[in-house]
Amino acid sequence: MAEIVKVHVEAGLAMVTIDRPEALNALNDETLAGLEAAFTALGNDKSVRAVILTGAGKAFVAGADIKAMAENTPREARAFARRGHQVFSLIEDFPHPVIAAVNGFALGGGCELAMACDLRIASEKARAGQPEVKLGITPGWGGTQRLPRIVGRSAAKYLLFTGEVITAARALELGLFDEVVAPEQLLPRCLEIAKTIAARAPVAVSYCKAAINQGVEAPLAQGLSFESELFAQTFATADQKTGMMAFIEKREDPPFQGI
Ligand code: CAA
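Nothing here was measured: the structure is a model prediction, and the numbers come from that model.

1. Considering the packing of aromatic side chains
Applying the stated criterion across every chain, the model contains four aromatic pairs. A centroid spacing of 5.4 Å and a plane angle of 70 degrees characterise the contact between Phe88 and Trp141, whose relative ring orientation is edge-to-face. Of the two residues, Phe88 is situated in helix H3 (residues 74–92) and Trp141 in the loop between strand S8 (127–129) and helix H5 (143–151); the sequence distance between them amounts to 53 residues. Each member of the pair, Phe88 together with Trp141, is buried.

The structure is reproduced here in structure tokens:
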């Protein structure tokens, strides 16, 4: 049977594609397990410096699989919510940047998946929203928590209360998407960003991600303390010597080794 989640790694960049277009890449148990396996394997691959996550066909991800959960009991629904949180946290805490290449519909669990990524670059064809209230449920994979952290409480409440599906341009205005490009430019632009990141000092990039993810949830003093510790630790890396010597000797793009 074909893999639902496809992974391709080349020159330190990984492309992860959710490939279930007949269901608009809706996330069922098998797809969540595929994502978990993909990110676990990539986390163990020392060559990987950045990941691009996208969907096959006209959707990024059209949500959690409604057909798979329609008959859930509250107990089963709780387990499904926690399973999604577990897999999305793996992506959020992935040691290197993860870029969502939002090629089409990012609805419900699909919008929540994109929000667990570090950056969201979208096609002009993309649509976003949290339409759960139209199904009689609340978002279960972080929509009530990550959305207000990204777009603010008021815009998050509007989107959650109305279930409105918004255009890529509106998502850009709200800060939900970081950039919107022509459909044919989506993967080239994501690759360009990923390549730029991959050329930087990997440990430093990884620490920046950890400092932001952990720091923004903590009181400022605690975040600053964490930052100073990470800053100190970068001075124990070979890449700090490489980067600073290159600056002093006026050489650009030094060859960082990730150590
Ligand atoms: N779950 C299961 N199947 C889905 C799906 C989903 N979330 N979204 C689409 N599909 C299926 C459709 O049922 C259809 O399958 P069949 O051909 O077997 O009928 C196939 O994908 C194609 O979809 P459409 O024919 O509906 O395509 P469209 O272009 O006419 O409409 C759409 C596209 C507007 C995205 C529409 O499919 C839609 O509204 N999908 C549901 C979106 C949604 O409500 N998402 C939230 C899910 S709940 C959730 O995610 C909870 C959570 O937080 C954990």
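Picking up where we left off.
2. With respect to the sheet that holds strand S10 (residues 179–181)
Sheet architecture is open: six strands sit in the order S1-S2-S3-S5-S7-S10, paired in mixed fashion. In the strand order of this sheet, the two ends are held by strand S1 (5–10) and S10, each with one partner. Going across the sheet, the axis of each strand differs from the next one's by a mean of 20 degrees, ignoring polarity. Pairing of S1 with strand S2 (residues 13–18) involves six bridges; the strand directions are antiparallel. Counted as the bridge partner of Val5 is Ile18 from S2.

3. Quick look at the sheet that holds strand S9 (residues 166–167)
The sheet built from four strands is open, its strands ordered S4-S6-S8-S9 with mixed pairing. If you trace the sheet from one side to the other, it starts and ends with strand S4 (59–61) and S9, each paired once. With three bridges connecting them, strand S6 (residues 105–107) and S8 associate as parallel partners. Paired with Leu107 across the bridge in S8 is Gly129. Together, S4, S6 and S8 form the strand contacts of helix H4 (residues 109–116), whose direction differs from that of S4 by roughly 75 degrees.

4. Quick notes on the pattern of salt bridges
Here the structure, examined in full by the defined rule, presents 11 salt bridges. Notably, a salt bridge pairs Glu92 with Arg146, separated by 2.8 Å at the nearest N-O pair. One end of the pair, Glu92, is in helix H3; the other, Arg146, is in helix H5, and 54 residues separate them in sequence. Between Arg189 and Glu179 there is a salt bridge, and its shortest N-O distance comes to 2.7 Å. Placement of Arg189 in helix H8 (residues 186–199) and of Glu179 in strand S10 is noted, with a sequence separation of 10 residues between them. We classify Arg189 as partly exposed; its relative accessible area is 24%. Here Glu179 falls in the partly exposed class, since its relative accessible area comes to 26%. Salt bridges here are not isolated pairs; linked through shared partners, they connect Glu179, Arg189 and Glu192.

5. As for the packing of helix H1 (residues 29–43) against H3
With their axes 9 Å apart at the nearest point, H1 and H3 run at an angle of 25 degrees to one another. In this view, H1 runs roughly parallel relative to H3, as classed from their interaxial angle. The handedness of the crossing between H1 and H3 is left-handed. Where H1 approaches H3, its residues Asp29, Leu32, Ala33, Leu35, Glu36, Phe39 and Thr40 are matched on the opposing element by Phe80, Arg83, Gln86, Val87, Phe88, Leu90 and Ile91. Looking at the contact of H1 with H3, its residues break down into nine nonpolar, two polar and three charged.

The rules behind these values
Residues numbered from 1 in each chain as written. Predicted model: local features only at pLDDT ≥ 70, side-chain atom pairs only at ≥ 80, totals over all residues. Heavy atoms only, no water. Phe/Tyr/Trp six-rings, centres within 6.5 Å; stacked < 30°, edge-to-face > 60°. Helix = DSSP H or I, 4+ residues; strand = E, 2+ residues; numbered from the N terminus. Buried < 20%, exposed > 50% of the residue type's maximum accessible area, 1.4 Å probe, protein only. Pairing = 2+ DSSP bridges. Axes fitted to C-alpha atoms, helices over the stretch in contact; angles between N-to-C directions. Contact = heavy atoms within 4.5 Å. Salt bridge = Lys/Arg side-chain N within 4 Å of Asp/Glu carboxyl O. Parallel < 35°, antiparallel > 145°, perpendicular 65-115°, else oblique. Left-handed = near helix turned anticlockwise from the far one by under 90°. Nonpolar A, V, L, I, M, F, W, Y, C, P; charged D, E, K, R; others polar.

So far we have only geometry, and geometry alone does not tell us how the molecule works.
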